[in-house]
Amino acid sequence: RSEWLRRLCEQVRRMSFNVAKVRQDFPIFERTIRDGKKLVYLDSGATSQKPLSVIEAESNFYKFHNAAVHRGAHQLAEEATDAFEGARLKVAQFLGAQEEEIVITKSATESLNLIAYAMGNAEPGNPFHLTNKNRIVVTEMEHHANLIPWQQLAARTGAELKWFEVTPEGRLDLSNIETIISEGTKIVSLTHQSNVLGTINPLEAIVKRAHEVGAVVVLDACQSVPHMPIDVTELGVDFLAFSGHKAVGPTGVGVLWSSKLNELPPFLFGGSMIETVTMTSATWAPAPRKFEAGVPNMAQAVGLGAAIDYLTALGMDKVFEHEVALTGYLLNGLMEIPDLAIVGPTTTQARGGSVSFTVGHIHPHDLGQYLDSQGVAVRTGHHCAWPLTRKLGVPATTRASLYLYNNESDCDALFAAIRGAQGYFA
């Protein structure tokens, strides 16, 4: 194992981008915490840190270009609109999509709710109209943001809610895929990569079966878009959502992609989303503006554009390679700690860098506080996936989630802090 670990360390070091140099782009790593300790940030699954270029892009919008987009004929309004639409173009190119397929929202949660509420507004004759003869399919590993909207849509329309179960190894059980995704299924919505287990789900079989029965596939890509190359034309899904703040971008901005936007009715009404209005009726602007009622989060969208630039410059293939190698290092080191149990896949095959675990009798919240006292930031709890943690018999776990600015020393600090906690709570 030591020889394997040595080769893995060399593989991590051979990555084409230098992690030490990358960290210099993130001002937050210049600070210390807890009595001068180095900040070891292992909570990027919750939110990523921001490079200076993103911070400055958002700040500069307010300093030099602030005006309401799509409104006004003055120069500032033109500059603001160009910056906002420029960000949309960057996102489209990043995903292999068309500009008109990108809706700017305030979060991935809003994006997913937008889809569910809009489908709930679909009238008879619309392909998205649901009745009690239809089915909505999800999985047991969904984040609450990709479960509750579908629960509510099922309750409003009478549609049946079904789900794929999760195996003890943290994988989806697709053995009954043809009976779960049955005739009459209208929606299949699932996470691309689990925020708890790190599992990367096999989309090909799910998309194929969904399309066989005429269902659309909604993908929660919050944990995949920031970490791996994504091309929506290759995935074959019909809707995709992700959040800016997990992709080195600002908070307050999310993305909804779909090639089927014009078939979907709007669910928010107001300025910018209309084509014509009388006192008794209105017609809608074409997508994507049909779904962008009100003044959008302009500066945040510009910041997201800068984040896309940053990730593109690094190369998403290189980001993914780095994370896979570092995840292997993390998994191997955790498995060497006595009484530590990993919740989810224990190899790097079809899994990302979010690793949840328990440590003997130590409650995850107590462990998290101890790790924090050592300068190590992790997440504890059910990670907004209560049904999953209940299914696996672990009401709470500790989660370490890696990103492009982490390295072996961060993992080593986590290992040492866990061993320290074992001694402290013995």
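(A) Quick look at the sheet that holds strand 16 (residues 379-381). With respect to topology, 4 strands assemble into an open sheet ordered 13-14-17-16, the strand pairing being antiparallel. Because the sheet does not close on itself, it has two edges, and the strands there are strand 13 (340-343) and strand 16. On average, each strand axis in the sheet is inclined to that of its neighbour by 30 degrees, with strand direction left out of account. Sheet topology places strand 16 next to strand 17 (residues 397-401); 3 bridges connect them, and they run antiparallel. Residue pairing in the sheet places Arg 379 in a bridge with Arg 399 of strand 17. Running at roughly 5 degrees to strand 14 (residues 354-359), helix 11 (residues 316-335) makes contact with strand 13, strand 14 and strand 17 of the sheet.

(B) Region of the structure containing the side chain of Ser 182. Within the element layout of this structure, Ser 182 appears in the loop between helix 7 (177-180) and strand 7 (185-191). On the basis of relative accessible area, Ser 182 is assigned to the buried category, the value being 17%. Here Arg 135 takes part through its side chain, which lies 3.3 Å from a polar atom of the side chain of Ser 182. Ignoring any residue separated from it by four or fewer positions in sequence, one finds Ser 182 in contact with Arg 135, Arg 209 and Val 213.

(C) A look at the sheet that holds strand 6 (residues 160-164). Taken together, the 7 strands give an open sheet; going across it, the order is 4-10-9-8-7-5-6, and neighbouring strands pair in mixed fashion. Of all strands in the sheet, those bounded by a partner on one side alone are strand 4 (102-105) and strand 6. Each strand of the sheet is rotated relative to its neighbour by a mean of 20 degrees, with strand direction disregarded. The sheet contact formed by strand 7 and strand 8 (residues 216-220) spans 5 bridges and is parallel. Bridged to Ser 189 within strand 8 is Val 218. The sheet strands contacting helix 4 (residues 75-95) are strand 4, strand 9 (239-243) and strand 10 (254-258), and the helix crosses strand 4 at an angle near 120 degrees.

(D) Representation of the state of the cysteines. Under the counting rule described, the total for this entry stands at 0 disulfides. The closest cysteine sulfur to the non-disulfide-bonded Cys 384 is located on Cys 222, 11 Å from its own sulfur. Judged by its relative accessible area of 25%, Cys 384 is partly exposed.

(E) Structural detail: unusual backbone geometry. In this chain, Ala 287 is followed by Pro 288 through a cis amide linkage whose omega measures 5 degrees. Structurally, the position occupied by Pro 288 is in the loop between strand 12 (282-284) and helix 10 (298-314). Positive phi is not limited to glycine here, since Asp 35 has a value of about 65 degrees. Position of Asp 35 relative to the elements: it lies in the loop between strand 1 (32-33) and strand 2 (37-38). Take Asp 35: its relative accessible area is 81%, and that puts it in the exposed class.

(F) Spotlight on empty space enclosed by the protein. Per the counting criterion, the structure on display carries 2 cavities of 30 Å³ or more. Within the lining of the largest cavity, the residues separate by chemical class into 3 nonpolar, 5 polar and 2 charged. In this structure, the second largest cavity occupies an estimated 40 Å³ of space. Taken together, Ser 44, Gly 45, Gln 193, Gln 223, His 227, Glu 323, Gly 353, Ser 354, Ser 401 and Leu 402 make up the lining of the second largest cavity. Here the residues of the lining of the second largest cavity sort into 1 nonpolar, 8 polar and 1 charged.

What counts, and at which threshold
Residue positions within a chain follow its written sequence, with the count starting from 1. This being a predicted model, a pLDDT of at least 70 is required before a residue's local features are given, and a value of 80 or more before pairs of side-chain atoms are given or counted; all residues contribute to the totals for chains, interfaces and linings. Excluded from the side-chain calculation are hydrogens and water; included are all heavy atoms of the structure. Note on pairing: two strands pair once DSSP finds at least 2 bridges between them. Secondary structure counts use DSSP, requiring at least four H or I residues in a row for a helix and at least two E residues in a row for a strand, with both numbered from the N terminus. Fitting a line to C-alpha atoms yields each axis, with helices limited to the stretch in contact; the angle taken between N-to-C directions then spans 0 to 180 degrees. Every residue pair with non-hydrogen atoms within 4.5 Å of one another is taken to be in contact. The rule is simple: take the accessible area with a 1.4 Å probe, protein chains only, and divide by the maximum for that residue type; under 20% is buried, over 50% is exposed, in between is partly exposed. The definition of a polar contact used here is a pair of N or O atoms within 3.5 Å, where within protein one atom must be able to donate a hydrogen and the other to accept one, and adjacent residues in sequence count solely through side-chain atom pairs. Disulfides are defined as pairs of cysteine sulfur atoms found within 2.5 Å of each other. Here a cavity denotes grid points, spaced 1 Å and computed from the protein atoms alone, that fit a 1.4 Å probe unable to get out, and a pocket denotes an open set having protein on both sides within 12 Å along at least 5 of 7 lines; residues with an atom within 4 Å of a point are the lining. Grid points are joined across faces, edges and corners, and a volume is the space filled by probe spheres set on the points. Charged means Asp, Glu, Lys or Arg here, nonpolar means Ala, Val, Leu, Ile, Met, Phe, Trp, Tyr, Cys or Pro, and polar covers whatever is left, Gly included.

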